[in-house]
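The chain contents come next:
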Amino acid sequence: MAVSRRTFVRTGMTGVAAAVTAGLRVGDAAAQPSPRRPGGIDRRALVSRHDVVRTASDPKTPLQVGNGQLAFGADVTGLQTFLPFGTLSDWGWHSDALPDGQTPSDFAGQVWDTHGRPVRYDIPDPERPALSEWLRANPHRINLARIGLRLLRADGTEAVEADLSDCHQRLDLWTGTLHSRFTLDGSPVTVRTSCCPDLDAIAVRIDSPMVADGRLAVFIDFPYANGAEKFSAPFVGVWDRPDAHTTRLRTRGPRRADITHELDDTRYDVGLVWRGGGREPVRVAGHPHRYLLGGSTGTRLEATFLFAPRQTPQVPHAAAVEAAGARAWPAFWRSGGALDLSGSTDPRWRELERRVVLSQYLLAVNEAGSTPPQESGLVNNGWYGKFHMEMYWWHAAHYALWNRWPQLDRGVGVYRSFLDSSRERARRQGYQGARWPKMTDPGGRQSPGEINALLLWQQPHPIFLAELDYRAHPTRATLDKWRDVVFATADFMASYAFEDAGRQVLGPPMHLVSENSDPKVTVNGAFELSYWRFGLRLAQRWRERLGRPADPGWARVLDGLSPLPVQDGVYVVYEGVRGMWTEYIFDHPSLVGLYGWLPGHDVDLDIMRATAHKVWQVWAWDAAWGWDFPMLAMNAARMGESDRAVDFLLHEKFGFDDAGMPLGGSRVATPYFPGAGGLLYAVALMAAGWDGAGKDAPGFPSDGRWRVRWEGLGRAL
């Protein structure tokens, strides 16, 4: 089955340098000005004090360059010489062959009783298990290529990392350039690696006497897809199936060439230009998909590798790519928000600030493309590289508070592109409006799974994101941009609710945020009820802004929604739950999200405080996920417990490695980027405040230990 390919989008301007002034993936020098506070933060000093330095490769996480749509992970050499880290994109997808004699239309799912009527859900079909698994695993994201150095010792044998000495590597955050240097058998090597801000191109510039004596060359190698693996980290690709795919080299002139890589029905091209090497790439004996650039008589070798679903006519030279990045990244850092904690006396200020700066860099590199990101961005593959729409808020909402609208605007278009298929999903199930998928791909098809089919809390997300957009851009254009999505979302939410004994209930069947209750008996999840009220209220407000009367169906559901479930003076995860605090604690402490992440218009603050304190006392932190801790911090901040808010952002179970990668913990592979997105949203809320917050930096302690200087941040709802 062929994978649909997105058209490769250009700015319409000529040349890499011109693209810097257009809407860049990593930034936009002409972005709408942000509100600023007095203080004049030295943004270059703020960013540069958190440059990443390594002296050896980390086998778990790379250092990366990228532009939001393409990211390249490097080992200590600045390339993928010793460790085959990923070169991943938001457009590179592949599908395995379908099970014999079956097509996706044969999938029937399962029929479950839903308030007395049969509803067919996208739950694995017991009659077609192979097809169900194929639909879960396909399409899957692919590693586009491995680019590295062929390094030869003085005796002519291939070097390993242990042969290197004097290794030093620095990721220059201000320019987005990775600087690497090392020595092999007394010969120095320096490598500069960069990514074009507007084209999916990786550039490398190398200086070493080893170039001239033939002991250093650059290779590019192509793997097959490892689509059957649900998780493939830290490396992506299958290297031992050379006969399953093909590569074809075409020379386009002196030191210019194209390589076409075909994996079944997936095809993409890599355009190459280079300086300082031979006149054309050489296929490496014994490696049918590896090509070598070398053979220079000088000491410098430069190359650019441009990846595209179809080949582009011009490939910029490496110096132009590096220069474009050196203009685009400073424009990114000077735009949007900034947070400076360097005046604080709490010794943890540097670590919190480091996490904030590196999270901004990594999310711009990994999660600023035209489709939602997977949980691990463009570092490696989790869940086959697919993305989860319930997590999109955690990946993307921070861009709104940090006033980085070019990044957010590229991704939220997914709601418009998924609107028709989501309406059809709702129609098939007997609902109105649009029911958004959970685990999906650029085509918007729901991946089979009980949780995937029955999860609910992704539904109000687009209304929340639309409201953030309108807060920053209160224009008719913004209302028109989101109108159909907001109204279709609210239509589904209202039609999903079921009237029972004079009240509106949610479920069953339904899966909660925690994903681990029995969906056939779960009813009126606390977070889901609160999010339903929040979303429907905002949707009615959008009708008012557009000069339309309130929708009576929405109003009927909103007025009749069941109260938040309470037991023994605290909120509980769903109505009628037993043994919640003594027998089993649910994944994700979503109860604190009622007041913190959400503004809590429907909560009793005394009950909320008692609930939060109980969560803090008994929750199983070893099982927590990355975004749980920012959610806890937002809750503590709104309740005036600012010390605890900071503690949650620096909790021992909420880790970030030296590269700023949020650790995945015991539940999921590193990195787990919803933790980084949640951190940025929580910090912005704690610094710039929220509706009704009456002081500056209301989420930070006010006893003098924390000096919070910020500018360009927006307030939370």
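Located above this text is the structure these notes cover.
Everything in this summary refers to the structure shown in the same document. (Residues numbered from 1 in each chain as written. Predicted model: local features only at pLDDT ≥ 70, side-chain atom pairs only at ≥ 80, totals over all residues. Heavy atoms only, no water.)

**Looking at the sheet that holds strand S11 (residues 177–184)**
Alright, step 1. With antiparallel pairing, the nine strands of this open sheet are ordered in space as S1-S10-S11-S12-S13-S21-S18-S17-S16. Edge positions in the sheet fall to strand S1 (52–54) and strand S16 (246–253), since each of these pairs with one other strand and no more. Sheet twist, expressed as the average angle between the axes of neighbouring strands with direction ignored, equals 15°.
Alright, step 2. Bridge count between strand S13 (residues 201–207) and strand S21 (residues 300–308): seven bridges; the pairing is antiparallel. Within S21, the position partnered with Arg-205 by the bridge is Glu-302. (Pairing = 2+ DSSP bridges. Helix = DSSP H or I, 4+ residues; strand = E, 2+ residues; numbered from the N terminus. Axes fitted to C-alpha atoms, helices over the stretch in contact; angles between N-to-C directions.)

**Focus on the sheet that holds strand S20 (residues 290–293)**
Strand pairing in a sheet relies on backbone hydrogen bonds, with the paired strands running either antiparallel or parallel.
Alright, step 1. A sheet is described by the order of its strands in space; here four strands give the open sequence S9-S14-S20-S19, paired in antiparallel fashion. Looking along the sheet, the strands with just one partner apiece sit at the ends: strand S9 (146–151) and strand S19 (282–283).
Alright, step 2. The sheet contact formed by S9 and strand S14 (residues 216–221) spans six bridges and is antiparallel. Bridge pairing in S14 links Arg-146 to Asp-221.

**Concerning the pairing of S16**
Alright, step 1. The sheet contact formed by S16 and strand S17 (residues 256–263) spans seven bridges and is antiparallel. Within S17, the residue paired with Thr-251 across the bridge is Ala-257.
Alright, step 2. The hairpin turn running from S16 into S17, its antiparallel successor, is two residues long, and Arg-255 in that turn takes a positive phi close to 60°.

**Section: the pattern of salt bridges**
Alright, step 1. Counted according to the given criterion, the structure contains 44 salt bridges.
Alright, step 2. Close ionic contact of Arg-192 with Glu-322 constitutes a salt bridge, the shortest N to O distance being 3.1 Å. Taken as a pair, Arg-192 in strand S12 (residues 187–195) and Glu-322 in helix H5 (residues 318–334) lie far apart in primary sequence, 130 residues in all.
Alright, step 3. Assessed through its relative accessible area of 14%, Glu-322 is described here as buried.
Alright, step 4. With a shortest N-O distance of 3.0 Å, Arg-476 and Asp-480 are connected by a salt bridge. You can see Arg-476 and its partner Asp-480 sitting in helix H13 (residues 476–496), four residues apart, about one turn around the helix.
Alright, step 5. Because the salt bridges share partners, they merge into one network encompassing Arg-192, Arg-205, Asp-207, Arg-300, Glu-302 and Glu-322. (Salt bridge = Lys/Arg side-chain N within 4 Å of Asp/Glu carboxyl O. Buried < 20%, exposed > 50% of the residue type's maximum accessible area, 1.4 Å probe, protein only.)

**Digging into the nonpolar core**
Side chains of a nonpolar character, in soluble globular proteins, are inclined to be buried together.
Alright, step 1. Within the largest apolar cluster, 219 residues are counted, with the highest numbers of intra-cluster contacts made by Phe-305, Phe-307, Phe-464, Trp-597 and Tyr-681.
Alright, step 2. Counting nine residues, the second largest nonpolar core, distinct from the first, contains Cys-196, Leu-199, Ala-203 and Val-315. (Core = buried A, V, L, I, M, F, W, Y, C linked by side-chain atoms within 4.5 Å.)

**Quick look at the packing of aromatic side chains**
The geometry of two aromatic rings is summed up by the distance between their centres and the angle between their planes.
Alright, step 1. Taken as a whole and assessed by the stated rule, the structure comprises 38 aromatic pairs.
Alright, step 2. Between the aromatic rings of Trp-329 and Phe-332, the centroid separation amounts to 5.2 Å while the plane-to-plane angle is 75°, which identifies the pairing as edge-to-face. You can see Trp-329 and its partner Phe-332 sitting in helix H5, three residues apart, about one turn around the helix. Side by side, Trp-329 and Phe-332 carry an identical accessibility label, which is buried.
Alright, step 3. Each ring, one from Tyr-431 and one from Phe-492, has its centre 5.3 Å from the other, and the planes form 85°; the classification is edge-to-face. (Phe/Tyr/Trp six-rings, centres within 6.5 Å; stacked < 30°, edge-to-face > 60°.)

**Things to note about the side chain of Arg-533**
Alright, step 1. With respect to the helices, strands and loops of the structure, Arg-533 is situated in helix H14 (residues 526–545).
Alright, step 2. Within the local environment of Arg-533, its side chain forms a polar contact with the backbone oxygen of Leu-561, the two atoms lying 3.1 Å apart.
Alright, step 3. Not counting the four nearest positions on each side in its chain, Arg-533 is found in contact with Leu-558, Leu-561, Ser-562, Pro-563, Leu-564 and Asp-602. (Polar contact = N/O pair within 3.5 Å; in protein donor to acceptor, adjacent residues only side chain to side chain. Contact = heavy atoms within 4.5 Å.)

**With respect to H5**
Alright, step 1. Taking 1.5 Å of rise per residue, the 17 residues of H5 would be expected to cover 24 Å, and the 25 Å separating its terminal C-alpha atoms lies within 8% of that figure.
Alright, step 2. Among the residues making up H5, those that are buried are Ala-318, Val-321, Glu-322, Ala-324, Gly-325, Ala-328, Trp-329, Pro-330, Ala-331, Phe-332 and Trp-333.
Alright, step 3. Positive backbone phi, approximately 65°, marks Gly-336, located one or two places after H5. (Expected span 1.5 Å × (residues − 1).)

**Observations concerning the environment of Arg-354**
Alright, step 1. Among the secondary structure elements, Arg-354 is positioned in helix H6 (residues 349–366).
Alright, step 2. Non-local contacts of Arg-354, meaning those with residues more than four positions away in its chain, are made with His-50, Phe-656, Asp-657, Asp-658 and Gly-660.
Alright, step 3. Within the structure, the side chain of Arg-354 is placed 3.3 Å from the backbone oxygen of Asp-658, a separation counted as a polar contact.

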